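# Report on the structure
Spelled out from the first residue to the last, the chains are:
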Amino acid sequence: MLRIEGLTAEIEGKQILKGIDLEVPKGEIHAIMGPNGSGKSTLSYVLSGREGYDITGGSVTWNGQDLLAMEPEERAAAGLFLAFQYPVELPGVGNANFLRTALNAQRRARGEKEVDAMAFLKLAREKLKQLQMSDEMLKRNVNVGFSGGEKKRNEVLQMALMNPSMAILDETDSGLDIDALRIVSEGVNALRGPDFSALVITHYQRLLNYIVPDRVHVLMGGRIVRSGGKELAEELEAQGYGQASAA
Amino acid sequence: MPAVAETIETVQSVQEGGYKWGFETEIEMEFAPKGLNEDIVRFISKKKNEPQWLLDWRLKAFALWQKMEEPDWAGVSYPKIDYQDAYYYAAPVKKAGPKSLDEVDPELLKTYAKLGIPLKEQAILAGVEGAGESPADSGRMPVAVDAVFDSVSVATTFRGELAKHGIIFCSISEAVQEHPELVREYLGSVVPQGDNYFACLNSAVFTDGSFVYIPKGVRCPMELSTYFRINAKSTGQFERTLIIADAGSHVSYLEGCTAPQRDENQLHAAVVELVAMDDATIKYSTVQNWYPGDAEGKGGIYNFVTKRGACRGARSKISWTQVETGSAVTWKYPSCILLGDDSVGEFYSVAVTNNFQQADTGTKMFHIGRNTKSTIVSKGISAGRSQNTYRGLVKISPKAQGARNFTQCDSLLIGDQCGAHTVPYIENRCVTAKVEHEATTSRIAEDQLFYCRARGLNEEEAVGLIVNGFCREVLKELPMEFAVEAQKLLAISLEGSVG
Ligand SMILES: Nc1ncnc2c1ncn2[C@@H]1O[C@H](COP(=O)(O)OP(=O)(O)OP(=O)(O)O)[C@@H](O)[C@H]1O
Ligand SMILES: [Mg+2]
């Protein structure tokens, strides 16, 4: 269970999150929608521990742990995964090497046995197949020269490999073609279960036809202004955010 | 040092992030008196039972050196060296050949073990009679090692095996005794005595080093490796390496080095000369991790090295690859003289500086023959308060029709108190030649670090990964086992550079 209470945060003296209250119970998938610049990515960065944000108030607990007290890598090892809105390029770093290093770093932190190169390759191929991606992806440098859609798929591949218990997907659907959207959604749905929760940030109701959310929240001006069931997304699509905030 | 699995494990076992090779070995040593004068030069020569011509050669160098000024053009600064306050000869006391490892000075064995040299090779290095001359029983590709301990080569492995191919691999002192004609012909033929201050000093007092001769048409069946270690206190190490690849031959040579952790600075002034005849190839790889001094800048090695290769023959090729992570001050420009038509020179370099380290390194490519080609790829990484300079010269003579050079210099900065400088000199006197130069400077971006950390890597692992990516083009030039070691070294030398 992820519990966010009264969370306020600023960057470079500018307050972005102005008191977020949000609960994501274990096993549920919640969607966050909201206009550009409303603080959705900021929330996802604060949750995953990016530096540069001043957390001025509130708390975040995850399965009873104080999430904000943990280093980003500790959060990752504990099962938190962020699919970036803008995945980062790592020149010269092979994707396979990166994924295996990351996976093993997490396993080490949890006191589990590391996977060797052969076992990793087998696992990676299996996930690639699931996501209908080519093995070529592993040979390339992390996100370097990837198309927008390929970058997003690479994020989903990483998620599949890390097998997190809490995923934050920041506009993973943006830039995906129709087939990819379906495949990626299937990837997320495959993780669905009593021990998996997710926060899905999106601008489009269409994604929520594939990944059906338990709850939908509207983030505007740094606050959750409305919450509802999956029908809220349809309403937003039809009426825009002006109406949503008024209601 | 031979970079094998064992070595890698040893490197991995570093926990406190200090300099892991900073141990001192208590071995009985034999010293020449402190200081430098003609008598010391004579003493060294006599100790090594050298012929008159070599003594004369040394004395000539010493006379030249006394008239020379220490250079100050490099982007490095260090307190004035007192050349009279050092020992110029220190050698482990030689005992009669041990019969088994049990009889070997346990301190020496401990040293080898700490360096990750496998037991089998330890035995050979320690000169155990009859120890392994057959590479067959070790599962991996053997590496022949020449170990230079302070001033003296202590042992060379796999000599018998190499001799079957007519390859000579021994210490230069032995070569002086057994192959004087080769030494006399080539010594100083690439780096003459008066070439520069440090090379000149080396010519006067060099004590040992490695010698390699690959006969015509022979492809050396294994990697050759020299392992240098400065151990004794206040000694300078002046090794001299000479590699000759005769027509159509091929050799890959590795060089590794360590020194104990000490408060005072120690001088290392080596000279390496390479000669490649028609169609010969020499690949020379260095992983340099001399003690860099502590985090406050105390101690460390002054590494003032002259390395130069002559591509004398047509279509010959000399390739330098270096990973420089150690030393307090590095002053080093491995160079190629491209005399033969269609000859090729390459320089691939990674230089890492952290804390108070200073590195001024690069290469010189002299294009003299027609259609000569050179490639320079330099990756400089600076962290802490260190200074890192690439200094390169590409010189194309009027006769070098169709010559080509490509230079790429990339600098990566970690933190905001370090410096990176690029000083490329280009002198092109041939209209048909083509010279290309590219340079970039970047910082490890916060978003790259965060991306890695969000995937579970800690900050140091993240820096290691990003830096290794940055160096990829150079690391891929290293022999495989060396490359793995170099990657670990990069990560270790940057420990504590972030956060
Ligand atoms: N480093 C920064 N310095 C100053 N302002 C910033 C910084 N990062 C983000 N902001 C501001 O914070 C606000 C929220 O940005 P955020 O990226 O969280 O929005 P978002 O809801 O994800 O928008 P989008 O839908 O466009 O992705 C924006 O006004 C943005 O300009
Ligand atoms: Mg966003």
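Please read all numbers here as calculations on a predicted model, not as lab measurements.

This part takes up the packing of helix H10 (residues 446-454) of chain B against helix H11 (residues 459-475) of chain B. Residues and elements named next belong to chain B. At a minimum axis separation of 9 Å, H10 and H11 run at an interaxial angle of 120 degrees. On the basis of the axis angle, H10 is oblique to H11. Crossing handedness for the pair H10 and H11: right-handed. Contacts between H10 and H11 involve Gln448, Leu449, Cys452 and Arg453 from the former and Glu459, Ala462, Val463, Leu465 and Ile466 from the latter. Across the contact of H10 with H11, the residue classes tally to six nonpolar, one polar and two charged.

On to the nonpolar core, then. Among the nonpolar cores identified, the biggest contains 103 residues, and Leu2, Ile4, Leu47, Phe98 and Leu199 of chain A together with Ile381 and Val467 of chain B are the most heavily contacted of them. In terms of residue count, the dominant contributor to this core is H11 of chain B (nine residues). Contact partners of leucine 47 of chain A, with chain neighbours within four places excluded, come to Leu2, Ile4, Val60, Leu67, Arg75, Leu80, Ile168 and Leu199 of chain A. By size, the runner-up hydrophobic cluster in this structure holds 36 residues, among which are Tyr253, Tyr284, Cys311 and Leu338 of chain B.

All names here are of chain A. Surrounding the magnesium ion (ligand 2) are the protein donor atoms Ser41 (OG) and Gln85 (OE1), which sit 2.0 to 2.1 Å from the metal. Residue serine 41 is located in helix H1 (residues 40-48), and its partner glutamine 85 is located in the loop between strand E6 (80-83) and helix H3 (95-109); the two are separated by 44 residues in the primary sequence. Accessibility expressed as a relative area gives 13% for glutamine 85, which makes it buried.

The next subject is the UniProt feature "domain: SUF system FeS cluster assembly SufBD N-terminal" (unreviewed entry) in chain B. In the UniProt entry, the feature "domain: SUF system FeS cluster assembly SufBD N-terminal" (unreviewed entry) is given for residues 163-220 of chain B. Taken end to end, residues 163-220 of chain B is 41% helix and 16% strand, and its first and last C-alpha atoms sit 11 Å apart.

Residue and element names in this part refer to chain A. One open sheet holds the six strands; their spatial order is E6-E7-E8-E3-E9-E10, and the pairing between them is mixed. Of all strands in the sheet, those bounded by a partner on one side alone are E6 and strand E10 (223-228). Adjacent strand axes in the sheet meet at a mean angle of 20 degrees, parallel and antiparallel pairs treated alike. In this structure, strand E7 (residues 166-170) lies alongside strand E8 (residues 197-201), joined through five bridges in parallel fashion.

Of the residues lining the interface, 31 residues belong to chain A; the matching set on chain B comes to 19 residues. Across the chain A to chain B interface the summed buried area is about 2100 Å²; carbon plus sulfur atoms make up 59%. Considering only the surface of chain A that becomes buried against chain B, Arg50, Glu73 and Val88 of chain A emerge as the three largest contributors, covering 26% of it. Inspection of the chain A/chain B interface yields six salt bridges. For the pair chain A and chain B, the interface holds 14 residue pairs in polar contact (both at pLDDT 80 or more). Secondary-structure elements contributing two or more residues to the side of chain A that touches chain B are H1, helix H2 (72-77), E6, H3 and helix H6 (148-162) of chain A.

Residue and element names in this part refer to chain A. Gly37, Lys40, Ser41, Thr42 and His203 are the nearest of the 15 residues found near ligand 1. One nitrogen or oxygen atom from the side chain of lysine 40 is found 2.7 Å from an oxygen atom belonging to ligand 1. Within the contact set of ligand 1, an oxygen atom lies 2.5 Å away from a side-chain nitrogen or oxygen of threonine 42. Burial of ligand 1 by the protein chains amounts to 68% of its free accessible area of 640 Å². For the shell around ligand 1, the elements supplying multiple residues, two or more each, are strand E2 (14-24) and H1. For the shell around ligand 1, the element with the highest residue contribution is H1, accounting for three residues. The residue makeup of the shell around ligand 1, split by class, is three nonpolar, eight polar and four charged.

Turning to the packing of helix H2 (residues 38-47) of chain B against helix H3 (residues 52-66) of chain B, a few remarks are in order. Residues and elements named next belong to chain B. At a minimum axis separation of 10 Å, H2 and H3 run at an interaxial angle of 155 degrees. Comparing their axes, H3 and H2 come out roughly antiparallel. Considering how the two elements wind past one another, H2 and H3 form a crossing that is right-handed. When H2 is examined against H3, the residues Glu38, Val41, Arg42, Ile44 and Ser45 are found in contact with a partner set consisting of Leu55, Arg58, Leu59 and Phe62.

Residues and elements named next belong to chain A. Counted residue by residue, strand E3 (residues 29-33) has five buried out of five residues, so it is predominantly covered. Covered by surrounding structure in E3 are Ile29, Ala31 and Met33 together with His30 and Ile32, the residues of both alternating faces. Both E3 and E8 contribute to a ladder of four bridges, which runs parallel. Bridge assignment links isoleucine 32 to a residue of E8, and that residue is isoleucine 201. Sheet topology places E3 next to strand E9 (residues 215-220); four bridges connect them, and they run parallel. Each residue of the ladder has a partner; that of methionine 33, found in E9, is valine 218.

This part is about the environment of threonine 330 of chain B. Residues and elements named next belong to chain B. Residue placement: threonine 330 occurs in strand E15 (residues 329-332). You can call threonine 330 buried: its relative accessible area is 2%. The spacing of threonine 330 and asparagine 388 is 58 residues in sequence and 9.4 Å in space, taken between C-alpha atoms. Setting aside chain neighbours within four positions, we find threonine 330 in contact with Val76, Gln288, Asn303, Glu324, Gln358, Ala359 and Asp360.

What counts, and where the lines are drawn
- Residues numbered from 1 in each chain as written.
- Chains lettered and ligands numbered in written order.
- Predicted model: local features only at pLDDT ≥ 70, side-chain atom pairs only at ≥ 80, totals over all residues.
- Heavy atoms only, no water.
- Axes fitted to C-alpha atoms, helices over the stretch in contact; angles between N-to-C directions.
- Helix = DSSP H or I, 4+ residues; strand = E, 2+ residues; numbered from the N terminus.
- Parallel < 35°, antiparallel > 145°, perpendicular 65-115°, else oblique.
- Left-handed = near helix turned anticlockwise from the far one by under 90°.
- Contact = heavy atoms within 4.5 Å.
- Nonpolar A, V, L, I, M, F, W, Y, C, P; charged D, E, K, R; others polar.
- Core = buried A, V, L, I, M, F, W, Y, C linked by side-chain atoms within 4.5 Å.
- Buried < 20%, exposed > 50% of the residue type's maximum accessible area, 1.4 Å probe, protein only.
- Donors = N, O, S within 2.8 Å, 3.2 Å for Na, K, Ca; no water.
- UniProt positions renumbered as here; feature names shortened; annotations may be inferred.
- Pairing = 2+ DSSP bridges.
- Buried area = accessible area lost by both parts, 1.4 Å probe.
- Salt bridge = Lys/Arg side-chain N within 4 Å of Asp/Glu carboxyl O.
- Polar contact = N/O pair within 3.5 Å; in protein donor to acceptor, adjacent residues only side chain to side chain.
- Near = heavy atom within 4 Å.
- Areas by Shrake-Rupley, 256 points an atom, 1.4 Å probe, with all protein chains shown as cover.

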